[in-house]
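Spelled out, the chains give:
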Amino acid sequence: MTTIDSIDNGVNVQALLDAREALKGSPEAAQFTWRATTRWENGVHSTTTVKNFFGLGAEQTHKAESVFAADHPEVFAAEDNGITPIEYLLVGLASCLTGGIASVAQNRGIQLRSVEATVEGAHDIRGILGADSDVRNGYNGIKVTFNIDADASKEDIEALVAQSQKRSAVFDALTNPTDVTVEVA
């Protein structure tokens with residue numbers, strides 16, 4: 001018989017629950033500012049670096065700096081030095097939902113064997129090219145399909161996905177209006 005103590009999806013749920021309780025009494029510590037710095041390389045190629053952020057009332061640093069290359073594919077007459085910026089949205093969405101599934105599964109005592117997300121974004125590029133002003137610049141729709149192997153019923157797996165979706169910061173940012181300010185320094 002499997003017990004909740006024998007489940008190991010690699011998530012420290014107790015630390016998350018403790019943080020949730022601590023932040024209930026200290027909402028100012030829950031205010032985070034995530035940062036990324038992007039530098040233009042050439043053409044439509046850019047490099048983004050992520051290292052520092054603000055949270056828990058102080059400046060924080062990731063264990064390692066992460067660098068992301070963005071470009072456009074050769075079919076767009078570019079060099080294809082990285083994925084397109086709009087593909088990074090898919091990466092963020094799939095990563096956030098998948099991490100949420102692992103966390104929720106750990107908390108609910110469900111052992112995962114594998115989780116795979118396939119994310120597809122339907123995109124009519126006439127908008128970004130200015131070929132049709134009635135076509136939006138962004139995705140027309142995004143579909144996420146999970147293939148999950150776990151010690152759980154189909155209903156329990158569906159509930160894991162639903163809870164992950166409910167708590168996903170990226171899902172929320174993509175499905176609800178977010179104020180975005182662009183300025184020149």
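Preceding this section is the structure that the text describes.
Participant: Can you walk me through helix H2 (residues 85-108) in this structure?
Facilitator: The α-helix winds at 3.6 residues per turn, so residues separated by three or four positions along the chain end up facing the same way. Between its terminal C-alpha atoms H2 stretches 35 Å, which fits the 34 Å expected from 24 residues at 1.5 Å a residue. Residues of H2 that are buried: Leu90, Leu93, Ala94, Leu97, Gly100, Ile101, Ala102, Val104, Ala105 and Gln106. Of the residues flanking the end of H2, it is Gly109, one or two places downstream, whose phi is positive at about 75 degrees.

Participant: Quick question: what am I supposed to make of the side chain of Thr84 here?
Facilitator: Mapping Thr84 onto the fold places it in the loop between strand S4 (58-70) and H2. You can call Thr84 buried: its relative accessible area is 10%. Apart from residues no more than four positions distant in its own chain, Thr84 is found in contact with Asp71, His72 and Pro73.

Participant: Sorry if this is basic, but what is going on with the environment of Ala36 here?
Facilitator: When you line up the elements, Ala36 lands in the loop between strand S1 (33-34) and strand S2 (37-42). In the structure, Ala36 is positioned 106 residues away from Ile142 in sequence and 24 Å away in space, judged by C-alpha atoms.

Participant: Whenever I open this one, the nonpolar core confuses me. Can you help?
Facilitator: Where a protein is soluble and globular, its nonpolar side chains tend to be buried together. Ile101, Ala105, Ile110, Leu112, Ile148, Ala150 and Leu160 are the most contacted members of the largest nonpolar core, which has 13 residues in total. Per-element tally for this core: the top contributor is H2, with four residues. Excluding anything up to four places from it in sequence, Ile110 contacts Ile7, Asn9, Ala105, Ala150, Asp151, Ala152, Asp156 and Leu160.

Participant: Help me out: how do you make sense of the packing of H2 against helix H4 (residues 154-167) in this one?
Facilitator: In a pair of packed helices, the angle between the axes and the distance between the axes together describe the arrangement. At a minimum axis distance of 8 Å, the contact between H2 and H4 shows a crossing angle of 120 degrees. Here H2 lies oblique to H4, going by the angle between them. Seen along the crossing, H2 lies across H4 with a hand that is right-handed. Seen from H2, the contacting residues are Cys96, Leu97, Gly100, Ile101, Val104, Ala105 and Arg108; seen from H4, they are Ala159, Leu160, Val161, Gln163, Ser164 and Gln165. Residue composition of the contact of H2 with H4, grouped by class: eight nonpolar, four polar and one charged.

Participant: Where do I start with the pattern of salt bridges in this structure?
Facilitator: If charged atoms from side chains of opposite charge come close, those side chains can pair. Scanning the model with the defined rule gives seven salt bridges in all. The salt bridge involving Glu59 is made with Arg35; its shortest N-O contact spans 2.9 Å. Taken together, the positions of Glu59 in strand S4 and Arg35 in the loop between S1 and S2 put the pair 24 residues apart, joining distant regions of the chain. Note on Arg35: relative accessible area 36%, which makes it partly exposed. Linking Lys154 and Glu158 is a salt bridge whose minimum nitrogen-to-oxygen distance equals 2.9 Å. Of this pair, Lys154 and Glu158 both sit in helix H4, four residues apart, which is roughly one turn of the helix. Classification of Glu158 as partly exposed rests on a relative accessible area of 43%. Where salt bridges share partners, they join Arg113, Asp149 and Asp151 into one cluster.

Participant: What is the right way to look at the side chain of Thr47 in this model?
Facilitator: One can find Thr47 in strand S3 (residues 45-55). On the basis of relative accessibility, which here comes to 18%, the residue Thr47 falls in the buried class. Excluding its chain neighbours within four sequence positions, the residues that come into contact with Thr47 are Thr37, Thr38, Arg39, Glu41, Val67 and Phe68.

Participant: Could you clarify how one ought to interpret the packing of aromatic side chains in this entry?
Facilitator: The relative placement of two aromatic rings is captured by the distance of their centres and the angle of their planes. Overall, the coordinates contain four aromatic pairs when judged by the stated rule. When the ring of Phe32 is compared with that of Phe53, the centres are 6.2 Å apart and the planes differ by 15 degrees; the resulting orientation is stacked. With Phe32 in the loop between helix H1 (13-24) and S1 and Phe53 in strand S3, the pair connects residues that are 21 residues apart, well separated along the chain. Overall, the relative accessible area of 33% leaves Phe32 in the partly exposed class. Overall, Phe53 belongs to the buried group, its relative accessible area being 12%.

What counts, and where the lines are drawn
- Residues numbered from 1 in each chain as written.
- Predicted model: local features only at pLDDT ≥ 70, side-chain atom pairs only at ≥ 80, totals over all residues.
- Heavy atoms only, no water.
- Helix = DSSP H or I, 4+ residues; strand = E, 2+ residues; numbered from the N terminus.
- Expected span 1.5 Å × (residues − 1).
- Buried < 20%, exposed > 50% of the residue type's maximum accessible area, 1.4 Å probe, protein only.
- Contact = heavy atoms within 4.5 Å.
- Core = buried A, V, L, I, M, F, W, Y, C linked by side-chain atoms within 4.5 Å.
- Axes fitted to C-alpha atoms, helices over the stretch in contact; angles between N-to-C directions.
- Parallel < 35°, antiparallel > 145°, perpendicular 65-115°, else oblique.
- Left-handed = near helix turned anticlockwise from the far one by under 90°.
- Nonpolar A, V, L, I, M, F, W, Y, C, P; charged D, E, K, R; others polar.
- Salt bridge = Lys/Arg side-chain N within 4 Å of Asp/Glu carboxyl O.
- Phe/Tyr/Trp six-rings, centres within 6.5 Å; stacked < 30°, edge-to-face > 60°.

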